Amino acid sequence: MEKFNIAVNIGAGSKVSFELTYEELLKRHLGKYEIVIKVKPKQLVKQFEIEADIFEPQEISMLDAQASFLSGDMTQFIEKSFSGKKGRVYFNPTIDQQQTCPTCTKSFLDGDFTIKYDVKRDTLCDLQVVNKYFAQFFAPKNLKSMIKNVVFVIDISGSMAGQKIKQTRQALLKILDDIKPDDYFNFILFGGHVRAWKNSLIQATDANLQEARLFVQNFGLAGATNLNGGLLEGINILNKAHEVDPRLRNNAPIVIMLTDGEPTVGETNLTQIRMNVKNAVQGKFPLYNLGFGENVDFTFLEAMSLENNGAARRIYRDNDAAEQLRGFYEEVANPLLTDVEFQYPKASIHALTENRVKQFYDGSEIVVAGQLTDGGKKDFKAEVTGRGAGQDLVTTCLVDEEEMEKTLRERGHMFEQHIERLWAYLTIQQLLEKRTKANSKEEVNDLSAKALELSLKYKFVTPLTSMVITKPGDPDDQLAIADKPGEEGMEASSIPEFLVIPLPTVDGDPHFIIQVSEKDDAVCFNINEEPGVVMSLIQDPDTGITVNGQLIGDKNHGNGKNRNTYFGRLGIMNQKTGFTLEVTPQNITLLPGMKGPVFSWMDQVTLRQEGVTVTIIPTRKLIVTMDDGATMVVVLHHVWKKHPVHQDFLGLYTVDSHKMSPRTHGLLGQFFHSFDFEVFDVRPGSDPKKTDATMLVKNRRLVVTRGSQKDYRKDPWLGSDVSCWFVHNNGDGLIDGIHTDYIIPSIF
C-alpha cells in the first residue's frame, strides 16, 4: 500500500470536501484481484456511500465484497452484482444501521471494506494491442502444480526473543500442515552459529513432518546474527541436493529467509554478502527475504532478493504476524511453471518490460507490456515457453482483433490510454527495482533519470517525484506537496520540490502559450479577431468535453491601432452528460438556460454535478475538474473599473488532460498531443531587442520571433514571464488549417 501525507488548515465549523482520484495496478493474489478501502469515519455519517463500478474486457467470473466490521446478517447491506464485463458493488448504510446500539452515537464503521473479483480465463492468451502499445496478461488455469524443494532459513538471534519467535513458530507449524507429501524441505537456523536440521532435503512424509514439528517447537535462540552463513548454508543444501539426486532437478527450488535485524558476526559487509549470495545462487532459483519488524535494513533485503529472481516482504509486528508469514508462503506454495519467457518479433518491439519470470505460482499473474515500432502491429504475436510438471509449456498467442475493436467501442480512449500508461508504470517500477540493486552511483543516477523522465511525462507519483495539491481558498494559494515516502534512509535530495506539468494555455489579448516539455521551450501565437467572435478552444468527441470562448474588446477604440481583444465569456461543457458551465468576469452559471444556480466571483464554494467538480477561489480563480480526465483553471483578471480603455477578462489554463482522447482538437486541444519543432538560423530581428529565427514545424518553415508572454496561474495580478517563439499571422503554419476554421456560431 502506498502512503502519502498532506496537511490542510480548516477553519472552525467550516464544511470541507476531499476528493482523491488515483490509478492503481491491481495484482492478482491467490486467484483474485483485491481492492481494500479503509473505513474509519469515527462518527455517524449522514451520507455514507461506497460505490465501485468494475469493467474487465475478459468478463468477470466472480465478485465478492466483505467488511471486517460487519457480521452475520449485517452483510445484507452490501449489494453485489456482475454480468459480462461489468460488475458493481454498493454499500450505503443509514444512520440507524451505523449505530452500535439503538441509543448509541458511536459508529460500528471501523475496519476494512474489501472487494475481490476475478476474470474468465477461457484461453491461455490475453494479448491486447492498442495503437503503438501492447499488454499481455498471463494466468493460465488447469496446470498441474510442480513438486517444490524449499529451504527455510530462520534467524534465531537474541533479538527474535518473545513475541517474534512465538509467531514464527506458529507460522512454521501451519506451513508444515500445508506442505504436500511429494515436496522436499529443510530448515537452516542462524544466530551466532549456523545449524541445519538435516544434512540434505527431506521428503514431506508423515514421519518427517512430525519430526519437523518437534524441531520447530523446541529450537532455542542463539546470540548474534550470522546472516551470511545461514543463507549460504541454505543455498548450498539446495545446490547439493540437485547434484546428488537428478530427480530433484525437475522440481521448483525456493529459498525463504526470515530475519529481524542486520548481520553482526561472520561476514557483515552488506555488499559482500550480496555478492556471496548471488554467486552461490547463480540465477538458478528465487530467493525470498522476509524482514520482521522495523529494525531490518529492508533496502538491503530487497536488493538481494531482486538480484536473485525473488522479492522481499516486510512482516509487521502486529498480532497477525504469524498470518502474514503464512500468507506469504501460500503465495509461493504452488509453483506451476519455472523459467517462463515471453518472446515477441524483434522487428515489432521498440521497448519492452521484463519478459522473463523465474517461477510462476498458482493464483498469480504475469503482466508484460511494450511499445511497438511503426508497423509493428502487423502479424504481431507472442511465443510463451516455460517448464512445468511433467512437460514443457509452448504456446503462441495472437491478438483478437475483433474483441479489441469491440472493447475500444465500449471504453474508447480510456482503454487506449490504459495500455500505454500500464507500459509506462511497469517500466518505471522495473527501473526503480534495478536502481535498488545497482552497484555504482553512475548506474543509480542513470536509472533515476530514466524513471524520473517517465514519471513526469505520465504524471506518476514515485519516490523520485511529488504530488502537487492546490489548497482552494488559501489566501496565498499555496501548493501543498504530498510526497510518497520511501524506505528510511532515502536521501532527501532525491525528491524534487514540486512537479510542474506544462499544458497549453490562453490568456491576454488572447495569447496562446504551448509549452513543449520535450524541448524545455514554448511556442506562442495571438489570435486577432473582432469582439463577439466565438472560437473553438477544446473539443473531444470521445469524452464529450468541449470548451468555447467568446471575445470582448476594449471599451474605447481609436488612434488607428488594432483593437485589443480578450476572452470575456467561456462555455465549458460535457455534451455526453449534459453538464454546462458559463463563465464571465461577472458570474459563474451552472446549466445556463435552465435556470441553474448563479455564483459570483466573491463566493467560496465547491460543487459537484455529473462527474464534474467546480471550485471557486474568491475573486481570482475557478477550477473545473472532470472525471473523464480534464482539469482547467479559469483566471479572472480585474481591471480598474474607471479605466478608460480596458475591462475585466478571463484566462484559461489546462493543468490535466491525460484521459482526453487523441481526437481532441480546437485551438488549444490540438496541442494536447505531442509535436516537434526545430529552430535554426537565429538572427537579429526588426526589433533590436528581439531575435528572429526559422522554425521547422509540421513540414513548414516559419519566421518566428523570440519574445515572452505572461502566465497568470500563480499570480493573477502580475503573472510570470514565459519565454517563447512567437508565430506570426494568427499562428499560421503552426495551427491546423487557418484560424477562421475555429470560428463557431455560438458559445454552446
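Residues numbered from 1 in each chain as written. Predicted model: local features only at pLDDT ≥ 70, side-chain atom pairs only at ≥ 80, totals over all residues. Heavy atoms only, no water.

A. Region of interest: the overall build of the protein chain. Helices and strands together make up the secondary structure of the protein chain, namely 11 helices and 43 strands. The proportion of buried residues among the 748 residues of the protein chain is 49%. Put simply, the protein chain shows about 37,300 Å² of open surface, and 48% of that area lies on carbon and sulfur atoms. (Helix = DSSP H or I, 4+ residues; strand = E, 2+ residues; numbered from the N terminus. Buried < 20%, exposed > 50% of the residue type's maximum accessible area, 1.4 Å probe, protein only. Areas by Shrake-Rupley, 256 points an atom, 1.4 Å probe, with all protein chains shown as cover.)

B. Structural context of the packing of helix α5 (residues 270-281) against helix α6 (residues 298-306). At a closest axis distance of 10 Å, the pairing of α5 and α6 adopts a crossing angle of 20°. Here α5 is positioned roughly parallel relative to α6, judged by the angle of their axes. Here α5 and α6 pass one another in a crossing that is right-handed. Touching L270, I273, R274 and V277 of α5 are F300, A303 and M304, all from α6. (Axes fitted to C-alpha atoms, helices over the stretch in contact; angles between N-to-C directions. Parallel < 35°, antiparallel > 145°, perpendicular 65-115°, else oblique. Left-handed = near helix turned anticlockwise from the far one by under 90°. Contact = heavy atoms within 4.5 Å.)

C. Seen up close, the state of the cysteines. What the rule picks out here adds up to 2 disulfides. Between the sulfur atoms of C524 and its disulfide mate C724 the distance is 2.1 Å. Given an S-S torsion of about 65°, the disulfide between C524 and C724 has right-handed geometry. Taken together, the residues C524 in strand β27 (residues 521-526) and C724 in strand β42 (residues 720-727) connect sequence positions 200 residues apart. The exposure classification of C524 matches that of C724, with both residues buried. (Disulfide = S-S within 2.5 Å.)

D. Structural context of the sheet that holds strand β1 (residues 28-29). Taken in spatial order, the 4 strands line up as β1-β2-β7-β4 in an open sheet, and their pairing is antiparallel. With one partner strand each, in any of the chains shown, β1 and β4 (60-67) form the two edges of the open sheet. Here 2 bridges tie β1 to strand β2 (residues 32-39), and the two strands are oriented antiparallel to one another. Note on β2: the bridge partner recorded for H29 is K32. (Pairing = 2+ DSSP bridges.)

E. Layout of the pattern of salt bridges. Applying the stated rule across the entire model yields 31 salt bridges. D118 serves as the salt-bridge partner of R121, at 3.2 Å between the closest nitrogen and oxygen. With respect to class, R121 is no different from D118; both count as buried. Between D681 and R683 there is a salt bridge, and its shortest N-O distance comes to 3.0 Å. Taking the relative accessible area as the measure of exposure, D681 reaches 45% and is therefore partly exposed. On the basis of relative accessible area, R683 is assigned to the partly exposed category, the value being 25%. Taken together, the shared-partner salt bridges in this structure form one network comprising R28, D118, R121 and E365. (Salt bridge = Lys/Arg side-chain N within 4 Å of Asp/Glu carboxyl O.)

F. Spotlight on the sheet that holds strand β22 (residues 392-398). The strand order across the open sheet built from 4 strands is β19-β17-β21-β22, with neighbouring strands paired in antiparallel fashion. Each of the sheet's edge strands pairs with one partner strand only, and the pair in question is β19 (356-361) and β22. Averaged over all pairs of adjacent strands, the angle between strand axes in this sheet comes to 25°, irrespective of strand direction. Note: strand β21 (residues 381-387) against β22, 7 bridges, orientation antiparallel. Each bridged residue has a counterpart across the sheet, and for T385 the counterpart in β22 is V394.

G. The arrangement of α6 in detail. Across the 9 residues that make up α6, a large majority, 7, are buried. Every buried residue of α6 is accounted for by F298, F300, L301, A303, M304, S305 and L306.

H. Spatial organisation of the nonpolar core. In terms of nonpolar packing, the biggest core is built from 55 residues, with L537, L581 and L622 touching the most fellow members. No other element matches the 4 residues that strand β37 (residues 630-637) contributes to this core. If you look at the next biggest cluster of nonpolar residues, it comprises 43 residues, including Y133, F137, Y344 and L426. (Core = buried A, V, L, I, M, F, W, Y, C linked by side-chain atoms within 4.5 Å.)

I. Local environment of the environment of T123. Tracing the backbone through its elements, the reader meets T123 in the loop between β7 (111-119) and β8 (127-130). Relative accessible area serves as the criterion here: at 52%, T123 is assigned to the exposed category. With 16 residues separating them along the chain, T123 and A139 place their C-alpha atoms 9.4 Å apart. A polar side-chain atom of T123 sits 2.9 Å from the main-chain carbonyl oxygen of C125. (Polar contact = N/O pair within 3.5 Å; in protein donor to acceptor, adjacent residues only side chain to side chain.)

J. Structural view of a negative patch on the surface. Together, D400, E401, E402 and E405 make up a region of like negative charge exposed at the surface. Examined against the element boundaries, D400 turns out to sit in the loop between β22 and α8 (401-411). (Patch = residues over 30% accessible without salt bridge, like charges linked within 9 Å, V, L, I, M, F, W, Y side chains within 5 Å. Lys, Arg positive; Asp, Glu negative; His and termini not counted. Charge placed at Lys NZ, Arg CZ, Asp CG, Glu CD.)

K. The packing of helix α2 (residues 163-178) against helix α3 (residues 206-218), seen in detail. Packing of α2 against α3 brings their axes to within 10 Å, and their N-to-C directions diverge by 175°. What the angle tells us is that α2 and α3 run roughly antiparallel. Along the contact surface, α2 presents R169, L172, L173, L176 and D177, while α3 presents L209, A212, R213, V216, Q217 and N218. When grouped by side-chain class, the residues that make up the contact of α2 with α3 number 6 nonpolar, 2 polar and 3 charged. (Nonpolar A, V, L, I, M, F, W, Y, C, P; charged D, E, K, R; others polar.)

L. Quick look at helix α10 (residues 441-458). Helix length check: α10, at 18 residues, gives a terminal C-alpha distance of 26 Å against a target of 26 Å (1.5 Å per residue), a fit within 8%. Along α10, the residues classified as buried are L447, S448, A451, L454, S455 and Y458. When α10 is viewed along its axis, its buried side chains cluster within an angular range of 135° and face the same direction. α10 presents K441, E442, E453 and K457 as exposed residues on the side facing more than 90 degrees away from its buried surface. Directly beyond the C-terminal end of α10, a positive phi value near 60° is found at K459. (Expected span 1.5 Å × (residues − 1). Arc of directions from axis to C-beta.)

M. Structural detail: the confidence of the model for the protein chain. Taken as a whole, the protein chain shows an average pLDDT of 85; of its residues, 88% reach a score of 70 or greater. In this model, residues 471-502 is a region of pLDDT below 50 whose contacts with residues beyond four sequence positions or in other chains number 76 contacts. (pLDDT = per-residue confidence, 0-100.)

N. Focus on the pairing of strand β30 (residues 565-574). Most of β30 is tucked away: 9 of the 10 residues are buried. The pairing of strand β29 (residues 545-553) with β30 spans 9 bridges and is antiparallel. In the strand pairing of β30, L551 is matched with F567. As paired elements, β30 and strand β31 (residues 579-583) share 5 bridges and run antiparallel to each other. In the sheet register, N574 faces β31, and the bridge partner there is F579. From the end of β30 to the start of β31, which pair antiparallel, there are 4 residues, and G578 there has a positive phi angle of about 90°.

O. Seen up close, the side chain of Q430. Inspection of the secondary structure assignment puts Q430 in helix α9 (residues 413-436). A polar side-chain atom of Q430 sits 2.8 Å from the main-chain amide nitrogen of E354. Residues contacting Q430, with those up to four places away along its chain left out, are T353 and E354.

P. The arrangement of unusual backbone geometry in detail. Of note in the backbone geometry, L30 takes a positive phi value of approximately 55° without being a glycine. You can see L30 is positioned in the loop between β1 and β2. The partly exposed category is assigned to L30, whose relative accessible area is 38%. For D520, which is not glycine, the phi torsion reads 55° and is therefore positive. Along the chain, D520 turns up in the loop between β26 (511-516) and β27.

Q. Representation of the environment of T299. Here T299 shows up in helix α6. Taking relative accessible area as the criterion, T299 reaches 35% and is therefore assigned partly exposed. Spatially, the C-alpha atoms of T299 and A312 are 9.1 Å apart, while their sequence positions differ by 13 residues.

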